[in-house]
Structure formats: structure tokens, C-alpha cells
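One letter stands for each residue in the lines below.
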Amino acid sequence: MIEDAVSSLPLPQRLALSYAPRASRNAFAGLFALDTRFAGIVRHAREPMLAQMRLAWWRDVLAKPAAEWPTGEPLLALLAEWQGESAALCGLAEGWECLLAEPPFGASEIDGFAMGRAECFAALTRLASMGERADDTRRAGRIWALADLAQGLGKPQERESALAMARKEAGTRFRLPRALRPALVLAGLARRAVKRGGGDLLAGPADMLAALRLGIMGR
């Protein structure tokens, strides 16, 4: 199940996940797979209302105890690791819903999207019994969310707004324990993308080497 989920992830998330230790791998994999599912719902939406309905279904399901989740959706089985923190996953759906607003996106839509991803990263610290690192991990999530969003935005003013927010976050350095290493890898790749003015998080061999260093050494 996890192999199928991983194979569909964007390359930066797949690479980051490869540095997750066994104890936190499923939780990260579930988050990345759900995030990728939401991205597809929003990206391929012909009618915003239909996309909102699909996101609302996920919110309604994730708001229930895991024992009440439907059994026919494989992704929900992978998200069983998130028991007790599934409210953050509901917030992720709300973050993606911000991108269904009428363009151009303003600061509130961009910030709402970033908050959805960031709070999931903070929740991961609690799942790993490292809640004291939540602020750092939340910041890692915001940097990744903003840089990743910027490279997918078509309008220059939207892109610059996302990059400006990312620059404010990228100046603070932090280290994270090995259990949270995927968050550090994505934040590091995002910083590099922001520094060069946006674009793909994995733009060439230098980014791959940076991910390798962060994934293995944590710095």
C-alpha cells in the first residue's frame, strides 16, 4: 500500500520521504499522499463547486474517529497513523480549498494554503512525541508550501507574493531530529528555490546533493 502511494508522489516529496526513519515513514507517506490527492482535485477542477464537494467529503471523513472511516479508500488505511491528529488533515483540505478562490490569489489565499501544510508538519512532531519542536517544523512546512506554490502559480504578482512570504520564513535556520528529517529536506530545497528567485525545488544535480546532505547529516 505504501509503495503505491509513494510512487505517485512528486519527486521532492518522494526524495524527502526516502530519509524518513521507519518510525515516522508511514505518517509522512500518508500526509504526502493526501496532499498529492488534494492537489489533483484542485488542479483538475473544471467546476470549483465540485472540487469543494470532494474536499468537503474528505474533511467530513477525517473529522470522524478512524474506526468510522470507510474501508474502500486505500489512502484512509495509510492515514491510520494520524489518529489523534486528523484535525490537521482537515486543515490541509481547507488550505487547498483556498486555491479554489477566484484568481488572482491574494495574501489571504496564499497564507491559508501555507497554513494548511504547516500545521500538518506541526502535528507530525506531536505524533513523534516531539511536540516541543512544533514551531520549527511548522516553519519548515510554511517554507516548503510557499516555495512549492510559487513555482506553480501562473500570474507574476501571485508568484512574487508567495515568494515574498517565503523569504520572510527562510531567514530562520533550525535543525530537526531524524524522525522529522523529511520536513528538513523539503525546507532546505525550498530555501534554495527561493534564493534563486523561484522555480522547481529540484532544478538540478546541486539540489539533489543538497537533499542528500540534509537527509543524511541533517544540515
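That block above? That's the structure.
Computed from a prediction, not measured in an experiment: that's the story for all the values here.

So, the overall build of the protein
Phase 1: A count of helices and strands for the protein gives 11 helices and 0 strands.
Phase 2: Reading the protein from its N end, one meets helices and strands in the order α-α-α-α-α-α-α-α-α-α-α.
Phase 3: Against the globule reference of 17 Å for 219 residues, the protein gives a C-alpha radius of gyration of 16 Å, in line with a compact fold.
Phase 4: Every one of the 219 residues in the protein was classed for burial, and the buried ones make up 52%.
Phase 5: Put simply, of all contacts in the protein between residues at least 6 apart along the chain, 66% involve residues at least 24 apart.
Phase 6: Surface accessibility of the protein: about 10,300 Å² in total, with carbon and sulfur atoms responsible for 53%.
Phase 7: Positive and negative side-chain charges in the protein, numbering 29 and 24 respectively, have mean positions lying 9 Å apart.

Some thoughts on empty space enclosed by the protein
Phase 1: Counting across every chain of the model gives 1 cavity of 30 Å³ or more.
Phase 2: Lining the largest cavity we find L31, D35, L92, R117, C120, F121 and W144.
Phase 3: Taken together, the elements giving at least two residues each to the lining of the largest cavity come down to helix 3 (22–43) and helix 7 (107–127).
Phase 4: Per element, the largest residue contribution to the lining of the largest cavity is 3 residues, and it comes from helix 7.
Phase 5: Residue composition of the lining of the largest cavity, grouped by class: 5 nonpolar, no polar and 2 charged.

Some thoughts on the packing of helix 7 against helix 8 (residues 134–150)
Phase 1: Interhelical geometry of helix 7 versus helix 8 gives an angle of 140° and a closest axis separation of 7 Å. The hand of the helix 7/helix 8 crossing is right-handed. Contacts between helix 7 and helix 8 involve I110, D111, F113, A114, M115, R117, A118, E119, F121, A122 and T125 from the first element and A134, T137, R138, A140, G141, R142, W144, A145, L146, D148 and L149 from the second.
Phase 2: Counted by class, the contact of helix 7 with helix 8 contains 13 nonpolar, 3 polar and 6 charged residues.

Criteria and cut-off values
Residues numbered from 1 in each chain as written. Predicted model: local features only at pLDDT ≥ 70, side-chain atom pairs only at ≥ 80, totals over all residues. Heavy atoms only, no water. Helix = DSSP H or I, 4+ residues; strand = E, 2+ residues; numbered from the N terminus. Rg over C-alpha atoms; globule rule 2.2 N^0.38 Å. Buried < 20%, exposed > 50% of the residue type's maximum accessible area, 1.4 Å probe, protein only. Contact = heavy atoms within 4.5 Å. Areas by Shrake-Rupley, 256 points an atom, 1.4 Å probe, with all protein chains shown as cover. Lys, Arg positive; Asp, Glu negative; His and termini not counted. Charge placed at Lys NZ, Arg CZ, Asp CG, Glu CD. 1 Å grid on protein atoms, 1.4 Å probe; cavity = no way out; pocket = protein on both sides within 12 Å on 5 of 7 lines; lining within 4 Å. Points joined across faces, edges and corners; volume = space filled by probe spheres on them. Nonpolar A, V, L, I, M, F, W, Y, C, P; charged D, E, K, R; others polar. Axes fitted to C-alpha atoms, helices over the stretch in contact; angles between N-to-C directions. Left-handed = near helix turned anticlockwise from the far one by under 90°.

Keep in mind these numbers describe shape, not what the thing actually does.
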